[in-house]
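Chain and residue survey
One-letter residues, chain by chain:
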Amino acid sequence: MPLNYESDSLIMQRTSRLVLNQNDERILANDYRENLSPLTQWIHRKARHVCSLSMVKKRLPVLSWASSYQLSYLLFDTIAGVTVALTAIPQSIAYGILSNMGPEYGIYSNVMGCIGYALLGSVKDVTMAPTSLTAILVQGIVSELHYGTALLTFLSAMITIAFGVLNLGILVRFISIPVVMGFQTAACLTIGSAQLRSLLGISSKGKGSDFVSSWSNVLTHFSEVRLADSLLGVGSIAFLLLFRLTKNVEVCRARSFFKYARLLSNAIVVVIGATLAFLLTTDIDHPVFHLTGPVKAGLPPFQLPPFSYTNENGTVYNFSEMIGVMRTTIITIPLVTTLEIVSVGKAFSRGKLIDATQEMIALGVSNLLVCFCSPVPVAASFTRSAINSSSGVRTPLGCAITATVLLLSLALLTDALYYIPKATLASVVITAMLFLVDYAEIGNIWRTKKLDMIPFLATALSCLFYELDYGILIGIAVHCAFLLYLMSSPRLTVEVCLASDICVLLVRINQSLAFSSAELLRDWILERIAEHETHIDLVVIDGQNVHFLDMTVAKNIVSIERDLRTRQTSLMLWRFEEAVAFTLLRMHKELFFPLLRADNELEQAVSRWKHLHAQPAPSCLPVTSYS
């Protein structure tokens, strides 16, 4: 008959431990409550930190760098700001058109994005601007809501700020490298394909700007290809690729020239294209090339983002209907742009730690400013950040100078911007897409772990043949399914041995247990017992590697004990940690208290266990093990 468990344990507590690497006083005192004091201390510590002056300076980086600004920095920041602006003008126009808005809206977004990041950004090299990715994500919504898409930028900004305030940058961890590479590859192919019609001079916009529609439109209207636009577009791509090849020029005198020419290559090719268009166009109603057209001069109009909207076709949308049009893009844009800004920030941090929370707040505030004058959201631009860094920028003031130059271009250069050929802008975007695909990283995925090609291909194909925003969610779901499978399939090994004259089935688990693996553990143990030819007296579950288990697993261990009891087999839980043991004790104290043992050796644990249980007769065969 079983003995009095608690009285016997009191006698044995100095020679036998109940849980691993902990004292047993709380167990013997029936104190199994979860210890929430670390959480309380953390909240108190955070509250004091939030109200401190150091936190104010941390959340307003402009106060730190402005107070220590040196006059010598101004020259470097000015050169960097002007250089970035010369590249940003054609790209912003191109992305404004790519988003289905007017060209000036790309510049509006760039101006406000730079101002926001200059005030709140913590990495001096990063430049905030509309990118091909943000343009392609909103273009379908713009085609239906037009300026009403500013509400999407507003909601994305608020979600990003909330992510930063709540320190939810951890969500980015669920976007793995294969998923990112699949999304980036598909986005580059989609964006490049959408520019084909402009490159070839085809007037028809087709049914949409997605990958399939873009190619369908080009093939259907191939007879409309214009020779002049095609020659200019292909020639511009060749020009840009030629400058890319000058990266390794070894002639010392030419190295500096080619370095800056390469940095300004986008601006150079646009200036050449606009000059050719101006010289060759004799009739403005019938230009030689398809031109950008009028760019609205002056400062952007400031207005609240609309919460209801009537589009150009007269269709009225209330707030809920606008949300229905935006769908998952409301979440996709914050996730993708957060991933971009953290990645770009790390790339230019030169080994320094990046405050992801601050970068998310800076991104959110930048888009909050943008939504008052443009529907095109901004993100961290890797290309322009690289130009900013290589130009020797010293502080985020370089972003403010870029914004100033862009505003001057809106005031003084709109007549010149009219003559920029669409084929030239298309060549700028297509060339950028060619080099944004990380071919080496795709090779690493294949070489390192071929299984990772599944989420890569799932993401890429979903983005190409379905939609970009749904594609990345599908990729995340596929890779998280892999993670869930690993969590649900712990490696279980078993060894049958003789300890203290008792036939023992020792079960080892290599990881923590969650609800998805609960039934697996129970079924696996019962199958191993059924396979054994002789009677098993005691099943020992070794919990040394189990650092967490939940209520579902605890309930299944109760079921395991009951199933074993019907087979006249006992259960012992060996080397479980305090936190895990307390989870079990909160579930069923009377059941689990006598089952816990944490002696260093199995022989000792079984020997102590025999003092509290009837001793079965030995009936075990020689030691065997399998998994």
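Residues numbered from 1 in each chain as written. Predicted model: local features only at pLDDT ≥ 70, side-chain atom pairs only at ≥ 80, totals over all residues. Heavy atoms only, no water.

**Section: the layout of surface pockets**
So the rule is basically this: Note on definitions: the grid is 1 Å and covers protein atoms alone; a cavity is a set of points where a 1.4 Å probe fits but cannot get out; a pocket is an open set with protein on both sides within 12 Å along at least five of seven lines; lining residues have an atom within 4 Å of a point. Grid points are joined across faces, edges and corners, and a volume is the space filled by probe spheres set on the points. Each helix is a run of DSSP H or I of at least 4 residues and each strand a run of E of at least 2, with the numbering of both proceeding from the N terminus. By the convention adopted, Pro, Cys, Tyr, Trp, Phe, Met, Ile, Leu, Val and Ala count as nonpolar, Lys, Arg, Asp and Glu as charged, and the other residues, Gly among them, as polar.
Each pocket or cavity is described by its volume, and for the second largest pocket that value is around 1100 Å³. Considering the residues around the second largest pocket, the lining is formed by 49 residues, among which L98, N100, Q139, G140 and S209 are closest to the centre. Element by element, the count of residues in the lining of the second largest pocket is highest for helix α8 (residues 132-145), at 8 residues. Looking at side-chain class alone, the lining of the second largest pocket contains 20 nonpolar, 19 polar and 10 charged residues.

**A look at the environment of M587**
The test is simple: Think of it in three bands: residues with accessible area under 20% of the maximum for their type are buried, residues over 50% are exposed, and the middle band is partly exposed, with areas taken using a 1.4 Å probe on protein chains only.
Tracing the backbone through its elements, the reader meets M587 in helix α28 (residues 578-587). A relative accessible area of 26% places M587 in the partly exposed class. M587 sits 32 residues away from K555 along the chain, and the two C-alpha atoms are 7.5 Å apart.

**Description of the confidence of the model for the chain**
Selection criterion: On a scale of 0 to 100, pLDDT captures the predictor's confidence in every residue. Whether two residues are in contact is decided by their heavy atoms, any of which lying within 4.5 Å being enough.
Summary statistics for the chain give a mean pLDDT of 82 and a share of 85% for residues scoring 70 or more. Element-level mean pLDDT values for the chain span from 46 in strand β10 (residues 624-626) up to 93 in helix α7 (residues 103-120). Across residues 8-15 the pLDDT falls below 50, and counting only partners more than four positions away or on other chains, this stretch makes 15 contacts in the model. Below pLDDT 50 for its whole length, residues 615-627 participates in 33 contacts with residues either more than four positions away or in separate chains.

**What about the pairing of strand β6 (residues 502-509)?**
Note the cut-off: Should DSSP find at least two bridges between two strands, the strands are regarded as paired.
By the criterion of burial, β6 is predominantly enclosed, with 7 of the 8 residues buried. Here strand β5 (residues 492-499) runs beside β6; their pairing, made up of 8 bridges, is antiparallel. Directly across from V494, in β6, lies its bridge partner V507. Hairpin remark: β5 followed by β6, antiparallel, with 2 residues in the connecting loop; positive phi at S500, about 55 degrees.

**Overview of the pattern of salt bridges**
Two side chains of opposite charge can pair, provided their charged atoms sit close to one another. The condition is simple: Every case where a carboxyl oxygen of Asp or Glu lies within 4 Å of a side-chain nitrogen of Lys or Arg is listed as a salt bridge.
Enumeration according to the criterion identifies 12 salt bridges in this entry. With its nearest N and O atoms 3.8 Å apart, the salt bridge here joins E527 to R528. We classify R528 as buried; its relative accessible area is 10%. Three or more residues are tied together by salt bridges with common partners; here these are E495, R508, D542 and R575.

**Regarding the packing of α7 against helix α18 (residues 356-370)**
Which entries qualify depends on this criterion: Each axis is a line fitted through C-alpha atoms, taken for helices only over the stretch in contact, and angles between the N-to-C directions span 0 to 180 degrees. By definition, any crossing whose near helix is turned counterclockwise from its far helix by less than a right angle is left-handed, and any crossing with a clockwise turn is right-handed.
Close contact between α7 and α18 brings their axes to 8 Å; oriented N to C, the two are set at 145 degrees. The handedness of the crossing between α7 and α18 is right-handed. In this structure, α7 uses S109, M112, G113, I115, G116, Y117 and L120 to contact α18, whose residues at the interface are Q358, E359, I361, A362, V365, S366, L369 and V370. Here the contact of α7 with α18 is composed, by residue class, of 9 nonpolar, 5 polar and 1 charged.

**As for helix α27 (residues 551-566)**
The test is simple: In this analysis, the expected span of each helix is defined as 1.5 Å times one less than the number of residues it contains. By the criterion applied in these results, polar contacts are pairs of N or O atoms within 3.5 Å in which, for protein atoms, one can donate a hydrogen and the other can accept it, and in which residues neighboring in sequence qualify only through two side-chain atoms.
Its 16 residues give α27 an end-to-end C-alpha distance of 23 Å, which sits within 8% of 22 Å, the value for a rise of 1.5 Å per residue. Looking at the buried positions of α27, the neighbouring elements they touch are α26 (518-531), β7 (538-542), β8 (570-574), α28 and α29 (589-592). At the N-terminal end of α27, a side-chain oxygen is found 3.3 Å from the backbone nitrogen of T552, two or three residues along, and the residue is D550. Immediately beyond the C-terminal end of α27, within one or two residues, lies Q568, with a positive phi of roughly 55 degrees.

**A short note on the nonpolar core**
Spelled out, the test is: In plain words, nonpolar cores are sets of buried Ala, Val, Leu, Ile, Met, Phe, Trp, Tyr and Cys residues tied together by side-chain atoms within 4.5 Å.
Counting 94 residues, the largest nonpolar core has Y117 and M326 as its most contacted members. When residues no more than four places from it in sequence are discounted, the contact partners of Y117 are S122, V123, V126, M128, I341, E359, A362, S366, P396 and C399. In terms of nonpolar packing, the next biggest core, distinct from the first, is built from 40 residues, V494, A518, L573 and V580 among them.

**Examining unusual backbone geometry**
One non-glycine residue, R327, adopts positive backbone phi at about 50 degrees. If you trace the backbone, R327 turns up in the loop between α16 (319-326) and α17 (329-347). For R327, a relative accessible area of 40% corresponds to the partly exposed category.

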